[in-house]
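Observations on the three-dimensional arrangement
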Amino acid sequence: MVKDLLAIQDSTQKFRLYSSVAQLVNRGYFEKVRSLGLLDEILRILNSDDILEKMNFFPLLETISQNQEGLQWLASSGIWKKLTTSLDSDDFLFSSVVTYFGSLATFGDIGINFIVDNGVLETLREVLAENSDAAKEPVIGALGRIGSVPKGLREMVRAKIIKPLFDQIGRENLRNTTLHSVGNLLSKFPIPITLKDTEYLDAIQTRFREGDLLDVTWPFLQTPFVDTRYGAYHVLNGLATHPAGVSRLMRYPGLPEWIFNRATEETKEGLMPWNQL
């Protein structure tokens, strides 16, 4: 039966099969699926000449990565190292690879260790510094996820990538993505924090203790564009997870009155993040 399944030629049916295989791994059937050779078939997609097949490969990879046995198998397969060759903004797989690495960082120590040890952060920093907005957008989203992991955040500070990330808020085309990325980074930041971690404590907390981040975010809370407001809410919700952040929010001129005013947010899309705040 397995041979018959692997012999399927129709691309739609084939990817339905692969999707089912990935879901089986995610539900705890890793060893059974691996023993049938089905996982090896999925990895072979990356050698395909079909661009669409390669694009559809990454959701499968992410699903498999959510299972710890699947994650360890991927780590030993060499596939991650192969993906780093597509960390070139001119590569058509660049966006998919960057997005996957962002998710990989949140799946466990194996993932974040690979990202740190293989120069991924340094490459992403270079993209932020030099490339087009189209190339920067997936990088910004990935950095928010990488920074939501304690080791990822420390390494982002070491790689001097925090400030370049925050600075993207000033770029109109990248603003919404950056606000959400910063919100992810702040809201997942581990509390309490040890005093020894002063380097990344300063990198994050001094920015809102001094008002930098609030000064930048405040105008976007009042914009008529709900997508931008949603991103700004995300930043404030992230700040509100920190004692120093709450203190700064309550002292910022006009902000407490704005937060507690029932007329502040009238749109359906904006009410949920406002209520969370």
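Computed from a predicted structure; not experimentally measured. (Residues numbered from 1 in each chain as written. Predicted model: local features only at pLDDT ≥ 70, side-chain atom pairs only at ≥ 80, totals over all residues. Heavy atoms only, no water.)

**Re a nonpolar patch on the surface**
Where nonpolar side chains cluster on the molecular surface, the patch consists of Ile51, Leu52, Met55 and Phe92 and spans about 390 Å² of accessible area. Turning to its location among the elements, Met55 is positioned in helix α5 (residues 51-65). Residue classification places Met55 among the partly exposed residues on the basis of a relative accessible area of 33%. (Patch = residues over 30% accessible without salt bridge, like charges linked within 9 Å, V, L, I, M, F, W, Y side chains within 5 Å. Areas by Shrake-Rupley, 256 points an atom, 1.4 Å probe, with all protein chains shown as cover. Salt bridge = Lys/Arg side-chain N within 4 Å of Asp/Glu carboxyl O. Helix = DSSP H or I, 4+ residues; strand = E, 2+ residues; numbered from the N terminus. Buried < 20%, exposed > 50% of the residue type's maximum accessible area, 1.4 Å probe, protein only.)

**Quick notes on helix α18 (residues 243-251)**
Every buried residue of α18 is listed here: Gly245, Arg248 and Leu249. Along the axis of α18, the buried residues cluster in a sector spanning 100 degrees; they form a single face. (Arc of directions from axis to C-beta.)

**Comments concerning the nonpolar core**
Across soluble globular proteins, you tend to see nonpolar side chains buried next to one another. Counting 80 residues, the largest nonpolar core has Phe101, Leu143 and Leu255 as the members making the most contacts within it. Ignoring any residue separated from it by four or fewer positions in sequence, one finds Leu255 in contact with Leu214, Trp218, Leu221, Leu236 and Leu249. (Core = buried A, V, L, I, M, F, W, Y, C linked by side-chain atoms within 4.5 Å. Contact = heavy atoms within 4.5 Å.)

**Side note on the pattern of salt bridges**
Throughout the structure, instances matching the rule amount to seven salt bridges. With a closest N to O distance of 2.8 Å, Arg171 and Asp133 form a salt bridge. Of this pair, Arg171 sits in the loop between α13 (162-167) and α14 (175-187) while Asp133 sits in helix α11 (residues 133-146), and the two are 38 residues apart along the sequence. Owing to a relative accessible area of 36%, Arg171 belongs among the partly exposed residues under this scheme. Overlapping salt bridges bring together Glu122, Glu155 and Arg158 as one network.

**Focus on unusual backbone geometry**
Unlike most non-glycine residues, Lys160 shows phi in positive territory, near 55 degrees. Its location among the elements puts Lys160 in the loop between α12 (150-158) and α13.

**Focus on helix α9 (residues 109-117)**
Listing the buried residues of α9 in full gives Gly111, Ile112, Phe114, Ile115 and Val116. In this structure, the buried side of α9 is in contact with α7 (79-83), α8 (94-104), α10 (120-130), α11 and α12. Looking at the residues trailing α9, positive phi occurs at Gly119, about 70 degrees.

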